[in-house]
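Remarks on the overall topology
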Amino acid sequence: MYGMLYESVQHYIQKEYGMEMWKKICQIIDCKHNSFKTHQIYPDKMMPDFAAALSACSGESFDFCMNFFGKCFVRFFTNFGYDKMIRSTGRYFCDFLQSIDNIHLQMRFTYPKMKSPSMQLTNMDDKGAVILYRSGRTGMSKYLIGQMTEVAKEFYNLDMTAYVLESQNDICGGTAGPIKLSEGPMTVIVKYRLDFDNRDYMAKRVNVVAHPSQMKMPSVDLNVFLELFPFTIVLNHDMKITLAGEKIIETWILHNPGVNPKSFIGSHILDLFKCRRPKDTKIEWETILQMRTVLFEFELIRTGHNRAAYDAALNFDYDTFDDASLNEAQAMAVASAKEFSVEHAKDDEAAAATKDEIDPATGQRRPSVGLRSILLKGQMFYIKDVDSLIFLCSPLIENLDELHGIGLYLNDLNPHGLSRELVMAGWQHCSKLEIMFEKEEQRSDELEKSLELADSWKRQGDELLYSMIPRPIAERMRKSEEHVCQSFEEVSVIFIEVLNVYDSGSNNIQDAMQAVTTLNKVFSALDEEIISPFVYKVETVGMVYMAVSGAPDVNPLHAEHACDLALRVMKKVKAHALPGVAIRVGINSGPVVAGVVGQKVPRYCLFGDTVNTASRMESSSDPWKIQLSNYTATKVRKIGYKLELRGLVKVKGKGEMETFWLLEGPE
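Residues numbered from 1 in each chain as written. Predicted model: local features only at pLDDT ≥ 70, side-chain atom pairs only at ≥ 80, totals over all residues. Heavy atoms only, no water.

An unreviewed UniProt entry annotates the protein chain as guanylate cyclase of Drosophila persimilis. Listed in UniProt under the heading Subcellular location (unreviewed entry), the comment for the protein chain reads: "Cytoplasm". As recorded by UniProt, the Sequence similarities (unreviewed entry) comment attached to the protein chain reads in full: "Belongs to the adenylyl cyclase class-4/guanylyl cyclase family." (UniProt positions renumbered as here; feature names shortened; annotations may be inferred.)

Right, here's the structure in full:
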């Protein structure tokens, strides 16, 4: 979905429910967008997710929230001037309902990636109308009701009530689309009943009186009609082609070489054309009669998608073809196709001779020549005199290149309309617009990639920063707070030294590299056991690993968490079974002062006698042993940790101290 839909949701939630409600909703659905860009694509699932979150926060039902979002969108798009387009569709609400697909068709130029639904007005009466909604999205049926209700109220001053008559593949609150049990895309189909005062429209529609001069007019000869409109198809009640204009038959012959031209007349329209718009419409007599204001798009089905088919069209043997049974339009089409073949024979030979040559401008092989698909756009009209439907259409052509690509010329287009002028204007301006559009699209892609790259770098930078400095301290530094030094009444400091890793007397480079590899394995194993915020890794110096519990996050159970870490790392390092490698651990508890030191490579450091004593506990410990100071041992013994008295140990700078071995944790 385009961002404009989500802009409307954000704006009106903030307006009706407040900024705090919007922040809470974004937190619930984990929405990282602070704002939405009008022309940017966002996931479809966000709309029902927003509705579900608003329902949970406000107590309203999910359907109410989706209905509210639909109303919000109608109010919001008036800021872009789209309300003028709605008001211009007609005097009555039914005029708007019949023009919805045409509005979406025109909006594709502004929003080229828009996946618009298809809506058909299937029935009307004095009390309202019935519309049929088709879409590739699920869970949006209540959203549409909100849109219809608001349009009726704001633009036509009508009180409208809508409800669902039938529904297929629509999942209330779904976010993943219809469940596919077979190949091909699934379509959501919903039939709505709209109740509103429709008496004025029905009176105008039923009681139209023809002018007396029109009553005396003779019937129009269809041959004259087809001559005036060469791109026209006449259909009977079975939707089979009974007559067609000269140019449309000629184009069909060129795109379907080798097919009998007589087979065009009498064929079902869907055997020769594919209906592109309205989507998934049943091409039936009664259905088309209800869609007199809808623009149809048909794509010519062709057998020739390559050079061989084009050659077959140009090399068709028109001289020996039996055209005795052709009608006037078919005969003219065959004659034009023959003329087209003769005129392009030389061009065809030149193209065949150079098809494998290298294009000097690009350095690549020239592409093979082929006819492009042709799209016909127009309306279906019912002609009472002949009891037939007439598809009055024109080919969709943007510029001269596309005109030649489908095998047509300017003289083939309707002379009475603006088709020729639009093609010429498109040829003059299309190249410049395409270049501008491509540059803007490229800039947009580059900007999007740059933003993604910037976000990635920011995440990596944050991770690196938080590995050097605790997150709370880093956030305070970002706010330019000067006081980043803090005292703690009591923490537990852990020192772990890796033994027998490197012989300091060795000059062998291989031994040094092996020592680094071994040390990395041990320290990585220790990092895996650090559980934030209970224990924080302070630093590593040489073979010594330092950690603390109780700082920077105050933790009353710091002694227990420090002992648990020591027991876990003992078990972990032993499991690695590194030859000759051992570790020893020392733990002490007490007050410390902590702060960030340095500017180039800032570090979070601990200061105080507690740190020195913990270091002495480690240096005087034995391999594969955990030595605790008397104060730490007293704290953990009370809660069931198993200790063993080591006795008095001479500690540098402290004299003799009573210490304990930590054996196991509490049961």
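Moving on from the model shown.
1. Observations concerning the sheet that holds strand β3 (residues 161-168)
Here 4 strands make up an open sheet; going across it, the order is β1-β2-β4-β3 and the pairing antiparallel. Every interior strand has two partners, whereas the edge strands, β1 (118-125) and β3, have only one. Neighbour-to-neighbour, the strand axes of the sheet open up by a mean angle of 20°, direction not taken into account. Contacting β1, β2 (128-135) and β4 (188-195), helix α6 (residues 93-107) runs over the sheet at an angle of about 165° to β1. (Pairing = 2+ DSSP bridges. Helix = DSSP H or I, 4+ residues; strand = E, 2+ residues; numbered from the N terminus. Axes fitted to C-alpha atoms, helices over the stretch in contact; angles between N-to-C directions. Contact = heavy atoms within 4.5 Å.)

2. Considerations on the packing of helix α4 (residues 62-77) against helix α7 (residues 141-156)
The interhelical angle for the contact between α4 and α7, taken along N-to-C directions, is 45°, at an axis separation of 7 Å. Here α4 lies oblique to α7, going by the angle between them. When the axes of α4 and α7 are compared, the crossing they make is right-handed. Counted together, Asp63, Met66, Asn67, Phe69, Gly70, Lys71, Phe73, Val74, Arg75 and Phe77 of α4 and Lys142, Tyr143, Ile145, Gly146, Gln147, Thr149, Glu150, Val151 and Phe155 of α7 form the full contact between these two elements. Looking at the contact of α4 with α7, its residues break down into 9 nonpolar, 5 polar and 5 charged. (Parallel < 35°, antiparallel > 145°, perpendicular 65-115°, else oblique. Left-handed = near helix turned anticlockwise from the far one by under 90°. Nonpolar A, V, L, I, M, F, W, Y, C, P; charged D, E, K, R; others polar.)

3. Considerations on the layout of surface pockets
What the second largest pocket holds in volume is close to 990 Å³. In terms of lining, the second largest pocket is formed by 23 residues, of which the most central are Lys37, Gln40, Ile41, Ser444 and Glu448. The class makeup of the residues in the lining of the second largest pocket is 7 nonpolar, 7 polar and 9 charged. (1 Å grid on protein atoms, 1.4 Å probe; cavity = no way out; pocket = protein on both sides within 12 Å on 5 of 7 lines; lining within 4 Å. Points joined across faces, edges and corners; volume = space filled by probe spheres on them.)

4. A look at the sheet that holds strand β10 (residues 388-395)
With respect to topology, 6 strands assemble into an open sheet ordered β6-β5-β10-β9-β8-β7, the strand pairing being antiparallel. Looking along the sheet, the strands with just one partner apiece sit at the ends: β6 (241-244) and β7 (273-277). Each adjacent strand pair in this sheet contributes to an overall mean axis angle of 35°, direction not counted. Pairing analysis gives 4 bridges linking strand β5 (residues 232-235) to β10, with the strands arranged antiparallel. Counted as the bridge partner of leucine 235 is leucine 389 from β10. Across the sheet, α6 lies against β7, β8 (296-300) and β9 (375-383), angled at about 85° from β7, the strand it touches most.

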